[in-house]
Amino acid sequence: MRRSVRRISALASVAAVVSILIVVVNILDIGRFIRSSLVVLEHRPVSHILTDDERARYILQISDLQHSAIENEKLRSLLDFHSTVSYRYAIANVISRDPLNPSLITLDRGVESGVVIGQPVVDAGALVGTVIRVTATASTVELLTSDTSRIAVKTQDASQTEGIAEGYLEKSLRMEYVLDKVDIAVNDIVVTSGLVATMPPNIVVGTVNQVITSNDALFKTAIVQPLADTDRLSVVSIVVSPQ
């Protein structure tokens, strides 16, 4: 009788172990199923998983995150620039662009922030344009690529070759009135010359990508590629005065 009881107990223990093993196997199978399902879901188009409203919210959230990342990167670039210059500046947002004249942008800083006509506007250290109109709380900036823009510039090398940078084809600049006898070459860095009181010297404008000899032997022209991307401006700095 005792042997039978022991045998039954042993069988019960084995059965319990088997049951536990079956549960474990089932759990593992469920885990594999969940993982495989997640892989499938991961590779499905979003439209197959979400409703139209949920998908719209998802896309908006992704867009907001991407926009924030871009803005943070621009702010970091501005802070890097500000840490290396000796000018007082005002950070400003681009709040509009003139639909009839894309070379004009409006900033949310004005007289109350120390802004006056003629001050330079920069993006991460590169010249964007100059202030041409100002109110108490806003200002209008003419981009340096505007065909009416005129900026006194020079090369940053030992020759310090001077000229006037004019907007050219809305994408580049023509450095005019460069004396034919002076040195200027492709890849030379062009900066502001500081001849105007409101425009400090040595703000980077761009680089020379072509030199054209004029029919008039007195002067030659350099085509300059601006460093700033004036088509993608959102946060900029206005250099309001020396420290």
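Residues numbered from 1 in each chain as written. Predicted model: local features only at pLDDT ≥ 70, side-chain atom pairs only at ≥ 80, totals over all residues. Heavy atoms only, no water.

What the chain contains, in helices and strands, is 2 helices and 12 strands. The helix and strand sequence of the chain, counted from the amino end, reads α-α-β-β-β-β-β-β-β-β-β-β-β-β. Scored against the burial criterion, the 243 residues of the chain give a buried share of 33%. Taking all contacts inside the chain whose residues are at least 6 apart in sequence as the whole, residues at least 24 apart take part in 54%. Surface accessibility of the chain: about 15,100 Å² in total, with carbon and sulfur atoms responsible for 58%. (Helix = DSSP H or I, 4+ residues; strand = E, 2+ residues; numbered from the N terminus. Buried < 20%, exposed > 50% of the residue type's maximum accessible area, 1.4 Å probe, protein only. Contact = heavy atoms within 4.5 Å. Areas by Shrake-Rupley, 256 points an atom, 1.4 Å probe, with all protein chains shown as cover.)

Our next topic: the pattern of salt bridges. Per the counting criterion, the structure on display carries 3 salt bridges. Residues aspartate 231 and lysine 171 are paired through a salt bridge, measuring 2.4 Å at the closest nitrogen-oxygen approach. Here the residue aspartate 231 occupies a position in the loop between strand S11 (219-226) and strand S12 (235-242), and lysine 171 occupies one in the loop between strand S7 (162-168) and strand S8 (172-179), the gap between them amounting to 60 residues. Take aspartate 231: its relative accessible area is 48%, and that puts it in the partly exposed class. (Salt bridge = Lys/Arg side-chain N within 4 Å of Asp/Glu carboxyl O.)

Per-residue pLDDT for the chain has a mean of 76; in total, 63% of the residues score no lower than 70. Counting interchain partners and residues more than four positions distant, the pLDDT-below-50 stretch residues 2-44 has 2 contacts. (pLDDT = per-residue confidence, 0-100.)

The biggest cluster of nonpolar side chains holds 19 residues, and the ones touching the most others in it are Leu127, Val153, Met175, Val190 and Val205. For this core, the elements supplying multiple residues, two or more each, are strand S6 (150-155), S8, strand S10 (204-213) and S11. With 3 residues, the single largest contributor to this core is S8. Setting aside residues no more than four positions away along its own chain, valine 190 makes contact with Val153, Lys154, Thr155, Met175, Ile203, Val204, Val205, Gly206, Val208 and Val224. (Core = buried A, V, L, I, M, F, W, Y, C linked by side-chain atoms within 4.5 Å.)

Moving on, we come to unusual backbone geometry. Despite not being glycine, alanine 124 has its phi angle at roughly 55 degrees, a positive value. For alanine 124, the position within the fold is in the loop between strand S3 (120-123) and strand S4 (126-134). Within the chain, glutamate 170 stands out as a residue other than glycine whose phi angle is a positive 65 degrees. Here glutamate 170 lies in the loop between S7 and S8. Residue glutamate 170 is classed as exposed on the basis of its relative accessible area of 57%.

Below, the discussion takes up the environment of threonine 155. Within the secondary structure, threonine 155 sits in strand S6. Remark: the alpha-carbon pair of threonine 155 and threonine 207, spanning 52 residues in sequence, is separated by 8.9 Å. When sequence neighbours within four positions are dropped, the list of residues in contact with threonine 155 reads Gln160, Thr161, Met175, Ile184, Asp188, Ile189 and Val190. A polar contact is formed between the side chain of threonine 155 and the side chain of serine 159, at a distance of 3.5 Å. (Polar contact = N/O pair within 3.5 Å; in protein donor to acceptor, adjacent residues only side chain to side chain.)

What follows covers the pairing of S3. Where burial is concerned, the two faces of S3 agree: the one with Pro120 and Val122 and the one with Val121 and Asp123 are both buried. Strand direction decides the pairing type here: S3 and S4, joined by 4 bridges, are antiparallel. In the sheet register, valine 122 faces S4, and the bridge partner there is leucine 127. Hairpin connection from S3 to S4: 2 residues lie between these consecutive antiparallel strands, with alanine 124 at a positive phi of about 55 degrees. (Pairing = 2+ DSSP bridges.)

Let us now look at the environment of valine 191. Turning to its location among the elements, valine 191 is positioned in strand S9 (residues 189-192). With 12 residues separating them along the chain, valine 191 and isoleucine 203 place their C-alpha atoms 5.2 Å apart. Beyond its immediate stretch of four places on either side in the chain, valine 191 contacts Val153, Lys154, Gln156, Asn202, Ile203, Val204 and Val205.

Assignment of secondary structure puts threonine 140 in strand S5 (residues 139-143). A relative accessible area of 12% means that threonine 140 is categorised as buried. Residues within four places of threonine 140 in sequence aside, it is in contact with Leu104, Ile105, Thr106, Thr130, Val131, Ile132 and Arg133.

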